[in-house]
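Residue-level structure breakdown
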Amino acid sequence: MESNINIKNLSPSERAELLNVLAEEQKKAKKLKKENREAYRDLTSQYVKKNIDKLINHNQKTEGLINELFEDYKTIKELKTMVYGDKNQDSHTSTLPDGSASITIGYNVSIGFDGTESSGVEKIKNFITSLVADDENTKKLTKMVNTFLKPNVKTGMLNPSKIIELNKLRGEFNDEGFNEGLDIIFDAQIRRQNSMFVSGFKHIEIDGKSKKIEFRFTI
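Residues numbered from 1 in each chain as written. Predicted model: local features only at pLDDT ≥ 70, side-chain atom pairs only at ≥ 80, totals over all residues. Heavy atoms only, no water.

The next subject is helix α6 (residues 176–187). For α6, spanning twelve residues, the distance from its first C-alpha to its last is 16 Å, which sits close to the expected 16 Å at 1.5 Å a residue. Burial in α6 covers these residues: F178, N179, G181, L182 and I185. For α6, the arc enclosing every buried residue in end-on projection is 160°, short of the 170-degree limit, so these residues lie on one face. Residues of α6 that are exposed and point more than 90 degrees away from the buried face comprise E176 and D187. Those residues of α6 that are buried are in contact with β2 (101–113), α2 (117–130), α4 (160–167), α5 (170–173) and β3 (189–206). The N-terminus of α6 is capped by D175, whose side-chain oxygen sits 2.9 Å from the backbone nitrogen of G177. (Helix = DSSP H or I, 4+ residues; strand = E, 2+ residues; numbered from the N terminus. Expected span 1.5 Å × (residues − 1). Buried < 20%, exposed > 50% of the residue type's maximum accessible area, 1.4 Å probe, protein only. Arc of directions from axis to C-beta. Contact = heavy atoms within 4.5 Å. Polar contact = N/O pair within 3.5 Å; in protein donor to acceptor, adjacent residues only side chain to side chain.)

Right, let's get into the pairing of strand β1 (residues 91–95). Pairing of β1 with β2 involves five bridges; the strand directions are antiparallel. Pairing of S91 across the sheet is with G106, part of β2. In textbook terms, the turn of a hairpin is the stretch between consecutive antiparallel strands, and for β1 and β2 this stretch comprises five residues, one of which, G99, has a positive phi near 75°. (Pairing = 2+ DSSP bridges.)

Across soluble globular proteins, you tend to see nonpolar side chains buried next to one another. Counting 18 residues, the largest nonpolar core has I124, V145, L149, L166, F173, F178 and I185 as the members making the most contacts within it. For this core, the leading source of residues is α2, giving four residues. Among residues more than four places away in sequence, those in contact with F178 are I124, F127, L166, L169, R170 and F173. Counting six residues, the second largest nonpolar core, distinct from the first, contains F70, I105, M196 and V198. (Core = buried A, V, L, I, M, F, W, Y, C linked by side-chain atoms within 4.5 Å.)

Everything listed is a geometric property; what it means functionally is a separate question.
So this is what it looks like as structure tokens:
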């Protein structure tokens, strides 16, 4: 059963005793908090020390495997270029005829801009401003386009995927200024090949049932 203590009814000595009890409880709580933090740091250190070498060794094996796969594909790539032409691809996929397994090798790509895209953005915004129709669909379309043209808060650059979406509106607008603005933006793009990757899948049978096992490794 809980009881409420009215401090006003306590004598000076009782108040002093109560304050001492509260101070001791606070001291214990601080000590426990400090011990828990130290225990957390110790467990974290143990976790890292236990597992870091496994991950480093795994990464080294993965790097060797990916380099081997890229090297092994060189002859196929040369023949592919002869047959289909040089398309400057970032990735290449090889799949078995029955579709049961596939391997893709390639580079993860980041897209930036060289600074000239701003004039393209201006042309598109000028076109949007010229849309004087007050119907709801035009308002929604204008809002969508302006959203696509918003730069990334962190990088200050346009979002490449949004520009691709915006490109789908060429037929919708059919405007020379809008198309020219998009062309300027696309020409301003800078593609950079970054990390190498290998991905793919294989259908295997487990307990009489077919299962698709997928994988992706990056270095």
